[in-house]
Each structure stands twice: as structure tokens, then as C-alpha cells.
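Coordinate analysis (summary)
Here is what each chain is made of, one letter per residue.
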Amino acid sequence: MIAILQINLNCCKVAQALMHQMVTEKSADFLIVSEYNKVDSNWHVDANNKAAIVNAKHAVITSTGTSEAGFRWISITGIRIYSCDWSPNTSLADFQDFFFRLERSIRLSTEDILLVGDFNVKYADWGSKTNYRRGKALSDMIHALGLLVYNKGNDPTFKTGSIIGVTFSSPGVAGSIVQASKSLRYLGVQIDSKLGFSEHAINASAKASIASQKLSRIMPNISAATARKRRLLGNVVHSLLLFGVPIWADCMCAKGTAEIAKVERKTAFRLTSAYCTVSTNVALVVVSMPPIDVLAKERLFIYTNKDDQVARGKTRDGTLESWQTRCDKPGPGRWTHRLIPSIAQWLNRKLGDVDFQLTQFFTGYGCFPEYLQRFGKLDSPECWYCGHDVDDVLNTIFDCDAWEIKRTRVNIMCGTTVTPENITKSCSKARVPGTQSQPSFTKSLRKRRTKRDGDKRLKSIKFS
């Protein structure tokens, strides 16, 4: 069986350069090309230099037709293959002349016919929503010649959005056609027709998601895996998502960015054990993992300045500055920003690996009556210990009288009254033997409170 690949290059030099890679992947024998950039070897082109047939594997051709305006044909083992391209800007008289010459050429053949091209006409027979006069003329000619329409439904042969490139054939050759896909894989990067890399993002996200799920079975939330071990999960996911990043960092479309962001969000939740209502930016700050789009820009800068050691040395500073600017903007996560005003200081801390307990403190989302009441799990946000009207993370950690003794010990150890504004600085200090740092204090407090609240919550909480 002969495999024939149909491609519209849209006069793009890059697309034509990548065309041969697609030929290898699809194992195509011939290419039917429309709107090519330039003529290469083994090409049979029409008189307008718009339609061509490429002999990809140097197969034996029994006959080559003359080069006419709008189409060119060759014959191979009982099949006559036509490649057509006609501009929609021509007059109706010129279009009718093109059809007359094409129909006459087909009727003179005694072989099976494969008629492929970009006719730039719309008609319902090949899935178009509108019927053009020229489309009706083409449809009448095809039915008169006894050819079959290969296009099905609304799937365009040329993947250009509108169905103007069509394929017709004799019944005996329909199974020999290899339909063009909307993207091709080249050196591990999936390249689509619009160079938006959405297909690459979808494939990379699928691989990263599978890897994340497998690693999650090894390190579930309830396991004893430390935060540093969990960070391995994030590094693996990032390495898969950022493959080939110098190519697509500046070209990724919104759809591709959204696909990558989905996997990034799931990974951040897995690393922090955060509640699903936490925003992605907050989860990334807590786990000390820069956003994927910021990392992509960083990798691109490193690649483009690979010979400039001075510029490469300042790469991380630029990444942190970009990330900090994003975090400083108004929006979700103002409590986290109050605790962690400086991304650089947070990343350079000596202590404070984040786990399930500390994540609740840094995000403000957790086993706090204010949070549970917001989602209808408790009737009242009031504190059960000090009677405060709203028992949120601020009241629990910094104000509630039930934890004053432990809070005083931390203040003495730090030499100052611990507040949300200086929490990051106290986390960065070395641990003093025999005392508790602020991270261990908040962790211990949350564990003790959870244990003490257990019976109360089981009686008061509303399970949906």
C-alpha cells in the first residue's frame, strides 16, 4: 500500500524545513504539498508554483504530467495523483477554465484517481457550513467523475480551521491516504501549525501528571517523607514540563500555559498538603517553588546567554524579582504575603520545612472555625477557648489566651514579640538548643489544638 501525506505549508520556511521529519514519522511515500516556500529536489510542481507532488522515497513513477496552471499530476502503479491549488482571488471565468482543464485531464486517464488540493471553495459535501457557487461547481464535477469525498464531517483535511482543502479519490485508493495531523514531533518537541506549542504542552503535561501520580504513591500525604524528599517530586515534574523550553518559552499559547498550570497546581498541593481552596501562587510560595512560566523565562535567558558568565550569574536574581513583583500585586494570598513579604529571604531560610500543619498556618486555610464556617462545616466562627468572635489563623497563633505560655517562650527565645510581620526573620534564625523556634511552635500548637479539638469537632462539624 502506498502512503500519501497531504500538507499545506502556508508558504512557511520553517514548516517546509520540518516537513521531512513528518515524512519519516508517518512513513509516507509521497507528499501532496500546497503553498510551499521553495522547490526542492524530486518535486513535480504546477505552472503557478503553488501545488506540488514530492517523491519522498524516490519511488518509480510511470508517468509525469505536464505542468498546468492550478494542478500537476503523476502516475504510479495504476494510480494518477493530482495536486491542486487555486487562489480564491481569481475571476469566475478563470476558475471555470481551471475546472475545465482539470476535468478533461481526469477523463483522459484510465487509472484510479487521487485528487487532492486547496481549492479554496466551501460546500456542504465536505463539511462546510456555507455553500459557495464555486463549491457547487466542484461538487458537480466530482459527482460526474464518480469520485468519493474523503473529508468527513467538520474535520478539515488541511487543519486550517475552514474546510477549503479537500481530498477526492476513486473508491479503490481511499485506504492509501495518510491524513495530515495538526502537529508533528521533532527532537522531542511537538510543533503545531500555528507554532503555539499547545500540543507540546498537552503531551508534556500528560507525562508529568503520570510521573507525579507514580511518585505520589511512594510519598503520600500521610507518609513520613520529609519536605525535602517531597521536593524531588517537584523537580521531576519541572524537568518534564520544561523540556525544550528555549524553543517555546516566548511562544507558548494561552491554551498550552493553562495545561501546564494544571499540573503545576496539583504538584504544589502534593508538596504542601494544602487545602484545595488555596490559590496556586500561595501554594508555590509556601513550597518555595517558582512558577513554571517564570522558570521558563529563566531557562531561556540561561540558554541565550550561555557564553556570558556574568549575565548567567544574575539569572536567579531576575527570577526572584519577577516572582516578587507577581506576589506583591493585590489578590488572593494577602495573609501569606504578610507572613512572607520577601521571597528571597524565605528561600534562603535555614529552618522551617513545610508540612501539613505549617501549611495551614502559612495559608490561613485549615482547621480554623472561621475557615470551616465559611464553607458551612461549622455553625459559628467563634473561638472555643477565648471566646473571640472570629477564630482565624491570626487569633489562633498570635492572640488566643489558651496558647500564651508557649507563645511567651518563643518571644523570649527570639528576643522580641513575634508578629506576622517578623515571622520569616525568626524562621531564618538558627535553632537554640532546648527551645522552640517559631516553626516548631506553630507546628506543635496546631497538633495539640487538633488533638484537643477532636471530640468537639466531631460533635459540631457538619459532614456533607
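The preceding data block contains the structure.
Values in this document were obtained by computation on a predicted structure and should not be read as measured data.

1. Describing the overall build of the protein chain
On a plain count of helices and strands, the protein chain comes out with 19 helices and 13 strands. Within the protein chain, the fraction of its 464 residues that count as buried is 48%. Considering only residue pairs separated by 6 or more positions, the protein chain has 60% of its internal contacts joining residues 24 or more positions apart. Of the roughly 23,000 Å² of accessible surface on the protein chain, a fraction of 54% belongs to carbon and sulfur atoms.

2. Overview of the pattern of salt bridges
Under the definition given, this model contains 13 salt bridges. Close ionic contact of Glu259 with Lys262 constitutes a salt bridge, the shortest N to O distance being 3.6 Å. Here the residue Glu259 and the residue Lys262 both occupy positions in helix H7 (residues 254–272), the gap between them amounting to three residues, near one helical turn. In this structure Glu259 comes out as partly exposed when scored by relative accessible area, which is 22%. Where salt bridges share partners, they join Glu68, Asp97 and Arg101 into one cluster.

3. Digging into the nonpolar core
Among the nonpolar cores identified, the biggest contains 71 residues, and Leu31, Val33, Trp43, Trp248, Phe361 and Phe362 are the most heavily contacted of them. Once residues within four sequence positions are removed from consideration, Phe362 is found in contact with Val286, Trp335, Thr336, Leu339, Ile340 and Trp346. Membership of the second largest hydrophobic core comes to 23 residues, among which are Trp86, Leu145, Leu147 and Val166.

4. Thoughts on the packing of aromatic side chains
With the rule as written, the count across this model stands at 19 aromatic pairs. Relative to Phe98, the ring of Phe95 lies with its centre 6.4 Å away and its plane at 50°, an arrangement referred to as tilted. Of this pair, Phe95 and Phe98 both sit in helix H2 (residues 92–107), separated by three residues, roughly a single helical turn. A relative accessible area of 2% places Phe95 in the buried class.

5. Some thoughts on the packing of helix H9 (residues 292–304) against helix H11 (residues 315–328)
Interhelical geometry of H9 versus H11 gives an angle of 155° and a closest axis separation of 10 Å. Considered as vectors, H9 and H11 are oriented roughly antiparallel to each other. Both H9 and H11 take part in a crossing whose hand is right-handed. Where H9 abuts H11, its residues Asp293, Val294, Leu295, Glu298, Phe301 and Ile302 lie against Thr315, Arg316, Thr319, Ser322 and Arg326. Of the residues that constitute the contact of H9 with H11, the class distribution is four nonpolar, three polar and four charged.

Thresholds, definitions, all that
- Residues numbered from 1 in each chain as written.
- Predicted model: local features only at pLDDT ≥ 70, side-chain atom pairs only at ≥ 80, totals over all residues.
- Heavy atoms only, no water.
- Helix = DSSP H or I, 4+ residues; strand = E, 2+ residues; numbered from the N terminus.
- Buried < 20%, exposed > 50% of the residue type's maximum accessible area, 1.4 Å probe, protein only.
- Contact = heavy atoms within 4.5 Å.
- Areas by Shrake-Rupley, 256 points an atom, 1.4 Å probe, with all protein chains shown as cover.
- Salt bridge = Lys/Arg side-chain N within 4 Å of Asp/Glu carboxyl O.
- Core = buried A, V, L, I, M, F, W, Y, C linked by side-chain atoms within 4.5 Å.
- Phe/Tyr/Trp six-rings, centres within 6.5 Å; stacked < 30°, edge-to-face > 60°.
- Axes fitted to C-alpha atoms, helices over the stretch in contact; angles between N-to-C directions.
- Parallel < 35°, antiparallel > 145°, perpendicular 65-115°, else oblique.
- Left-handed = near helix turned anticlockwise from the far one by under 90°.
- Nonpolar A, V, L, I, M, F, W, Y, C, P; charged D, E, K, R; others polar.

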